[in-house]
Amino acid sequence: MDVTTCLKSLLLAMQQYGCGRSAHNAAQLLKQVEEVSALRCDQLLSSGQLLPIECLRGLVELTGNPNTCPTLASAVISLLAQLACDDDSRRMLHNSFNLTSIMASVIHRHTATPGDPLVLQSLQLLQKLTYSTRVFPSNSYIHELIGFLMTNIHSHNDDIIMPCLGLMANLCRDNHSVQSHIKSLDNVKPFYRTLINFLAHNSLTVVVFTLSILASLTLNEKVGEKLFDAKNIHQTFQLVFNIIVNGDGTLTRKYSVDLLVDLLQNPKIADYLTRYQHFSACVSQVLGLLQLKDPDSAAKVLDLLLAMCGVLGLRPLLCQVLFKPAAPKLRATGRRQAAALCGEPMVEPGLALVQWLSSPVDGAEGCSLKALQLLKELLEEALGAASVYDGVRSFVEMLLPVLLGFIKGVDPAHGDAHLRRHCERITHVSGVLLIMCAEDAMRALVSKQVSAQLCLSQVEILLDGCHSNNPPGSDNNLSQVCAEALLKTLELMSKLRQQVKDMETSFYRTLQDQRIATPLSRALTSHHREHVQTGLALLLEATPLPDFPSVVLGESIAANNAYRQREAELSVKRIAVQDILPPAAPPPRMNTSGLEVSSTSSSGVHSLVEKLHSGLELQEQGKDAHVSDIIGVYEQKLATLASKESRLQDLLEAKAVALSQADRLIAQYHFQRAQAEAEARKLASLLKEAERRREELQGELGGQLEEVKRSKADMEELLQHNARLQHDSEEHQALKGSYNTLLNRFNESERILRELQAAHTSLAKQLDTLRKNHEALQLQHDRTASLLQEREKEITLLRSDLQLKEDDIEGLRGELRAHGEKAREKEQERREMEEMLDVLRKELNKTEQARKDASIKASSLELQKSQLEGKLKQKEDELNKHSAMIAMIHSLSSGKMKSDVNLSL
């Protein structure tokens, strides 16, 4: 059974269960939920279809309904956990469907039974939903959820402690509102003590969760200063690195990496890590995790390394670890890969990083881009250092073939998604190659393996991608990605044009292509500073060229600016309409009309082109002088029609955006209604609880009234007893006064005795101290006298040595004068050589300018040659047509003569 049929059956079963909650309907719905769970529809929510959204809405309502059967609720929660498989799906479930608050309400309903399997399922789903997601305490049942977590963390049941700790770590991470709420609670100090006790737990996962919570809550407080001070921080580093390398699984490794990334945001802890003596060994072990072929683990490792690159003191240490291996070891790649397959560990940390660049593992595209970004950061640090590391050259020699393998052409038949991934990778690869070209020796290595033909073929593919049919407004469309990759490739060609053969001619030829106007206009009107700077640099190179399409570039820039202005106006109008009108779907008929107008304009353009060709064919023999004027007029008309077509396309896209906005508002209305129903159910349960509490208080009030009557009788008896005690108290006060007088006299005598004893003890100590000081001073005087005699002997020896040194200095001064005269002669010769060198440099600059002008003329002549070859081919086709017509006339005339001969005979 396919996915669509299963979803329709599930939706029908949910409707039947909503109409009648019988056992039969519950069994049918449970069966449909299990069938959908067996389909493994992981990317169902990201498809954007309406049927999965409706089914998901029904499942969420079933989960939040307190009358749902526990077995059915458990199956639905399992299905929701299966659907929340990626970041986009989790974000949709949290933001659009408010699933976090609904699951918190489910846990609140089962507070009395925390060991219930349904509660454990809900906690695990919440842990998955809230990972890297911010949850606000203002959401429904979040305060109750935090109280439930803090209560059950104090329990002794490990089955519920671990999901509670993981969920608490998610809620506290980078969420100041949740942190402030927890710190304001009364039981926060016992909570801290419990967490500190968990640091000695046997499970590494529990330890990581606990450290994450403590880092979020106490990092800038006194408790955090004690936990993460200079004495303990090195043990914490060792613990976290050990958990990352030898953790219980991918989940523990993810939280360990997040913990270390959060700690690095504190400048003091980041400084401690730069002085950590085992940092290089730990980073080498972390890089060894890249050999596991697990995309999730590799992504987290790369995130950690990129976070470390953000700390200035750690970048040189990372370079030392990555570029440490020697060249012969790095060249033996095939042998090392075979050893890795056999289970032997690889000692080169950089080799595993390079292997992720072209790894065929599914889902590794993000790892490849992160690895390229990491290599860019580290190569920039290594090549910008005062002394280049020993292993950089050998590492670059190994890395270059892998990077250049990405620049090879891509097959457009694989689809737009494949082309998009290719362009994103090309952008990062070109960035890494540009970093290499910043250093002369590395630029020589790159120039030996990069050819002009390779770059030119890549430029052709990217130019075709820049002129795709995607609308020009979004940064995520295919043409924008192709434009960014093209700019990076052109910048690389500009860097290598002096070192690579034919690269300069190909570079200038590309800048004179009419299609270059579109990516250049995108770069110059971009809001990214780097794109604008690259576009200006290329424009500075292209402006002096004779065939540079400056007019087309100006029109393209103006069109982009007009589109941005219209987008801003449309966004303001959409906001105003949303404030006035209720959410409703706009009529989609304008889309079809826009398509009809676009097709009409396209047909008009094609007919105009045909008329242009036919007119040129008719006028070519007699009116060659006016052909250029006619072409200019028609080019202006074509540009006008193209701008009109782009405006119609923009209107069509605006209507499509409005339609999607209306769909989103409708879905939001459904979500708000579900949230309101959940709030109503919560209020009803609170009302029932208040009514029950009122009855209990009324019963307690009757018991209190009877207790008051008994208390009055007891009070009378107590008054009589109090009178008797008052008489006894007066007698006791008289005896107590006489006792105090005697006690004061005794205390005064005892105080005087203690003072006299203390004075006697202090005088005895002073006498002993004076005797010891006298003996020490006598010994010191004897030592000083002996030292004085030794110093006098040394002074006599030093005076004799000083006289010898002065004699040597006089001789050296004479030699210095002779060397000074020779140095002046050498300086005169050096000045003469510098004058000759300046003359040669001026001649070399003149020669270089002449060569550049000749290259530009060669590119222009090559373009004119291609145009003349086209015209020559057209003339040859006409000549062939005329020859065929003459041959046909000859054949017809010869046939007529033969027929006349036959008739005469």
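Residues numbered from 1 in each chain as written. Predicted model: local features only at pLDDT ≥ 70, side-chain atom pairs only at ≥ 80, totals over all residues. Heavy atoms only, no water.

When its secondary structure is counted, the chain shows 34 helices and zero strands. In the chain, buried positions account for 35% of the 905 residues. Here the contacts in the chain between residues at least 6 apart in sequence split such that 74% fall between residues at least 24 apart. Per element, the accessible surface of the chain, about 54,200 Å² overall, is 57% carbon and sulfur. (Helix = DSSP H or I, 4+ residues; strand = E, 2+ residues; numbered from the N terminus. Buried < 20%, exposed > 50% of the residue type's maximum accessible area, 1.4 Å probe, protein only. Contact = heavy atoms within 4.5 Å. Areas by Shrake-Rupley, 256 points an atom, 1.4 Å probe, with all protein chains shown as cover.)

To continue, consider unusual backbone geometry. For Ser132, which is not glycine, the phi torsion reads 60° and is therefore positive. Among the structural elements, Ser132 can be located in the loop between α7 (117–129) and α8 (142–153).

Once that is clear, we can look at the pattern of salt bridges. Following the criterion strictly, the structure yields 33 salt bridges and no others. Where Arg134 meets Asp174, a salt bridge forms, and the shortest distance between an N and an O atom there is 3.3 Å. Of this pair, Arg134 sits in the loop between α7 and α8 while Asp174 sits in the loop between α9 (158–172) and α10 (176–183); the two residues are 40 residues apart in sequence, bridging distant segments of the chain. The residue Glu750 makes a salt bridge to Arg754 at a minimum N-O spacing of 3.5 Å. With a gap of four residues between them, Glu750 and Arg754 both fall in helix α34 (residues 627–904), about one helical turn apart. (Salt bridge = Lys/Arg side-chain N within 4 Å of Asp/Glu carboxyl O.)

The next point concerns the packing of helix α1 (residues 3–19) against helix α2 (residues 23–38). Close contact between α1 and α2 brings their axes to 9 Å; oriented N to C, the two are set at 155°. Judged by the angle between their axes, α1 and α2 are roughly antiparallel. As for how α1 packs across α2, the hand of that crossing is left-handed. Contact residues: α1 offers Cys6, Leu7, Ser9, Leu10, Ala13, Met14, Gln16 and Tyr17, while α2 offers Asn25, Ala26, Leu29, Gln32, Val33 and Val36. Here the contact of α1 with α2 is composed, by residue class, of ten nonpolar, four polar and no charged. (Axes fitted to C-alpha atoms, helices over the stretch in contact; angles between N-to-C directions. Parallel < 35°, antiparallel > 145°, perpendicular 65-115°, else oblique. Left-handed = near helix turned anticlockwise from the far one by under 90°. Nonpolar A, V, L, I, M, F, W, Y, C, P; charged D, E, K, R; others polar.)

With respect to the helices and strands, the residue Gln512 is situated in the loop between α29 (503–511) and α30 (517–524). Of note is the side chain of Gln512, whose polar atom sits 3.3 Å from the backbone nitrogen of Asp547. Once residues lying within four places of it in the same chain are set aside, the contact partners of Gln512 are Leu545, Pro546, Asp547, Phe548, Pro549, Ser859 and Ser860. (Polar contact = N/O pair within 3.5 Å; in protein donor to acceptor, adjacent residues only side chain to side chain.)

Roughly 1,000 Å³ of volume is contained in the second largest pocket. Surrounding the second largest pocket, 24 residues form its lining, Cys85, Asp86, Asp87, Arg90 and Lys254 being those nearest its centre. For the lining of the second largest pocket, the secondary-structure elements that each account for two or more residues are α5 (87–95), α7, α15 (250–264) and α18 (295–309). The element best represented in the lining of the second largest pocket is α5, accounting for five residues. (1 Å grid on protein atoms, 1.4 Å probe; cavity = no way out; pocket = protein on both sides within 12 Å on 5 of 7 lines; lining within 4 Å. Points joined across faces, edges and corners; volume = space filled by probe spheres on them.)

Here we take up a negative patch on the surface. On the surface, Glu821, Glu825, Glu829, Glu832 and Glu835 cluster together to form a negatively charged patch. Mapping Glu832 onto the fold places it in helix α34. (Patch = residues over 30% accessible without salt bridge, like charges linked within 9 Å, V, L, I, M, F, W, Y side chains within 5 Å. Lys, Arg positive; Asp, Glu negative; His and termini not counted. Charge placed at Lys NZ, Arg CZ, Asp CG, Glu CD.)

The subject of this paragraph is the confidence of the model for the chain. When pLDDT drops low, the exact placement of atoms in the prediction is not to be read closely. Per-residue pLDDT for the chain has a mean of 80; in total, 84% of the residues score no lower than 70. In the model, residues 611–625 has pLDDT below 50 throughout and makes seven contacts with residues more than four positions away in sequence or in other chains. Scored below 50 in pLDDT, residues 897–905 makes zero contacts in the model with residues more than four places away or belonging to other chains. (pLDDT = per-residue confidence, 0-100.)

Let's shift gears to the packing of aromatic side chains. In total, this model carries five aromatic pairs according to the counting rule given. Centre to centre, the rings of Phe507 and Tyr508 are 5.6 Å apart; their planes meet at 55°, and the pair counts as tilted. Each member of the pair Phe507 and Tyr508 is classed as buried. Each residue in the set Tyr131, Phe209 and Tyr255 is aromatic and connected to the rest through ring pairs, giving one cluster. Across the ring face of Tyr131, the terminal group of Lys254 is positioned such that the distance to the ring centre comes to 4.6 Å. In this arrangement the basic side chain of Arg425 is found over the ring face of Phe406, its NZ or CZ atom lying 4.7 Å from the centre. (Phe/Tyr/Trp six-rings, centres within 6.5 Å; stacked < 30°, edge-to-face > 60°. Lys NZ or Arg CZ within 6 Å of the ring centre and 35° of its normal.)

On the surface, Tyr739, Leu743 and Phe746 cluster together into a nonpolar patch covering about 330 Å² of accessible area. Within the fold, Leu743 resides in helix α34.

In contact at an axis separation of 10 Å, helix α17 (residues 279–287) and helix α19 (residues 315–322) are set at 60° when each is read in the N-to-C sense. For the element pair α17 / α19, the angle class is oblique. The way α17 lies across α19 gives a crossing that is right-handed. Across the interface between the two elements, Phe279, Ser280, Val283, Ser284 and Leu287 of α17 pack against Leu317, Leu318 and Val321 of α19.

Each disulfide consists of one covalent bond between the sulfur atoms belonging to two cysteines. Following the criterion strictly, the structure yields zero disulfides and no others. Take Cys309: it sits in no disulfide, and the sulfur closest to it among the cysteines is that of Cys319, at 7.5 Å. By relative accessible area, Cys309 is classed as buried at 5%. (Disulfide = S-S within 2.5 Å.)

Here we take up α15. Given 3.6 residues to a turn, an α-helix orients residues that are three or four positions apart in the same direction. Compared with the 21 Å implied by 1.5 Å per residue over 15 residues, the 21 Å span of α15 between its first and last C-alpha is a close match. Within α15, twelve of the 15 residues are buried, which leaves it mostly tucked inside the rest of the structure. In this fold, the buried residues of α15 make contact with α7, α9, α12 (204–218), α14 (233–246), α16 (267–274) and α18. (Expected span 1.5 Å × (residues − 1).)

Before going further, it helps to spend a moment on the environment of Glu381. Tracing the sequence through the fold places Glu381 in helix α23 (residues 365–383). With 66 residues separating them along the chain, Glu381 and Arg315 place their C-alpha atoms 6.8 Å apart. Excluding residues within four positions of it along the chain, Glu381 makes contact with Arg315, Pro316 and Cys319.

With that settled, the discussion passes to the environment of His422. Tracing the backbone shows His422 in helix α25 (residues 416–437). Given the relative accessible area of 11%, His422 is considered buried. Distance from His422 to Ile407, taken between C-alpha atoms, is 8.8 Å for residues 15 residues apart in sequence. Of note is the side chain of His422, whose polar atom sits 2.9 Å from the side chain of Gln458.

Our next topic: the side chain of Thr100. Structurally, Thr100 can be placed in helix α6 (residues 99–109). Judged by its relative accessible area of 2%, Thr100 is buried. For Thr100, the side chain forms a polar contact with the side chain of His94, separated by 2.6 Å. Those residues in contact with Thr100 that lie beyond four places of it in its chain are His94, Leu126, Leu129, Thr130, Val135 and Ile142.

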